[in-house]
Amino acid sequence: MALSFFGLAVFLFLTLDSDYTSTPVYAATSEGVEITYGSVLKLMHEKTRFRLHSHDVPYGSGSGQQSVTGFPNVDDANSYWIVRASPETSAKQGDSIKSGTIIRMQHMKTRRWLHSHLHASPISGNLEVSCFGDDGNSDTGDYWRIEIEGSGKTWRQDQRIRLRHVDTGGYLHSHNKKYSRIAGGQQEVCGVREKRADNVWLAVEGVYLPVSGSK
């Protein structure tokens, strides 16, 4: 596992935003690591232990946009997401993320944004969650408000969180209903409007940017 973290850090250093080349990245391997803008991580659905995942396969219904699923295995490059600020803010890479902040999650491999809208999800008929846009194309359908469980005010790796979609009010959610064909064995990810015990996520494997020195 340490080797895969090291490989990801090298990949970030060589291929992602120019800001990465002047800022060190570290493997997030212990609890309590602070999550900052620019961090690259996997989100695990607490109840089912599946990771938030996407790949360049469109939905066969609904929006027809890039599908988002829950993936059962730990070692999967398509489950990495980059934590980004909304473009309306002055936040920069390395800044802390407070509870209640609007963030965006960019799929590392395809560069599309975690997105939701009023299309129905394929299995449960809840709100569809997809990936949409690219580096230069993002809209409010990509905005998610982070809600941190408990007393913590800034996002850390050991904290339970919810992501609530700004446009629809739906919470990022998953369950144990699985696809049987194109994404066989992967489970549905969708949005639900109710705040429930089973729409909690945890930041698990990944690399992060250290907290910026400027406040």
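First things first, this report covers the structure right here in the doc. (Residues numbered from 1 in each chain as written. Predicted model: local features only at pLDDT ≥ 70, side-chain atom pairs only at ≥ 80, totals over all residues. Heavy atoms only, no water.)

**What about the nonpolar core?**
Part 1 of the reasoning: Counting 28 residues, the largest nonpolar core has Leu-43 and Trp-155 as its most contacted members.
Part 2 of the reasoning: The set of elements that each furnish at least two residues to this core consists of strand S2 (40-45), strand S5 (81-85), strand S6 (102-107), strand S8 (127-132), strand S9 (144-148), strand S10 (161-165) and strand S13 (201-208).
Part 3 of the reasoning: Ignoring anything within four residues of it in the chain, the contact list for Leu-43 reads Phe-50, Arg-51, Leu-52, Met-105, Trp-155, Ile-161, Leu-163, Trp-201, Leu-202 and Ala-203.
Part 4 of the reasoning: The next biggest cluster of nonpolar side chains, apart from the first, holds 5 residues, and it includes Val-40, Tyr-80, Met-108 and Val-207. (Core = buried A, V, L, I, M, F, W, Y, C linked by side-chain atoms within 4.5 Å. Buried < 20%, exposed > 50% of the residue type's maximum accessible area, 1.4 Å probe, protein only. Helix = DSSP H or I, 4+ residues; strand = E, 2+ residues; numbered from the N terminus. Contact = heavy atoms within 4.5 Å.)

**A short note on the packing of aromatic side chains**
Part 1 of the reasoning: Tallied over the full model, the rule gives 0 aromatic pairs.
Part 2 of the reasoning: Lying across the ring of Tyr-80, Lys-42 places its NZ or CZ 4.7 Å from the centre.
Part 3 of the reasoning: Geometry around Trp-113 places Arg-104 over its ring, the cationic atom sitting 4.1 Å from the centre. (Phe/Tyr/Trp six-rings, centres within 6.5 Å; stacked < 30°, edge-to-face > 60°. Lys NZ or Arg CZ within 6 Å of the ring centre and 35° of its normal.)

**Examining the side chain of Asp-76**
Part 1 of the reasoning: Summarising the element assignment, Asp-76 is placed in the loop between strand S4 (66-71) and S5.
Part 2 of the reasoning: Lys-42 provides the closest opposite charge to the buried, salt-bridge-free Asp-76, at an N-O distance of 5.8 Å.
Part 3 of the reasoning: A distance of 2.8 Å separates the side chain of Asp-76 from the side chain of His-53, its partner in a polar contact.
Part 4 of the reasoning: In this structure the side chain of Asp-76 is engaged in a polar contact, spanning 3.2 Å, whose partner is the backbone nitrogen of Asn-78.
Part 5 of the reasoning: Residues within four places of Asp-76 in sequence aside, it is in contact with Lys-42, His-53 and Phe-71. (Lys, Arg positive; Asp, Glu negative; His and termini not counted. Salt bridge = Lys/Arg side-chain N within 4 Å of Asp/Glu carboxyl O. Polar contact = N/O pair within 3.5 Å; in protein donor to acceptor, adjacent residues only side chain to side chain.)

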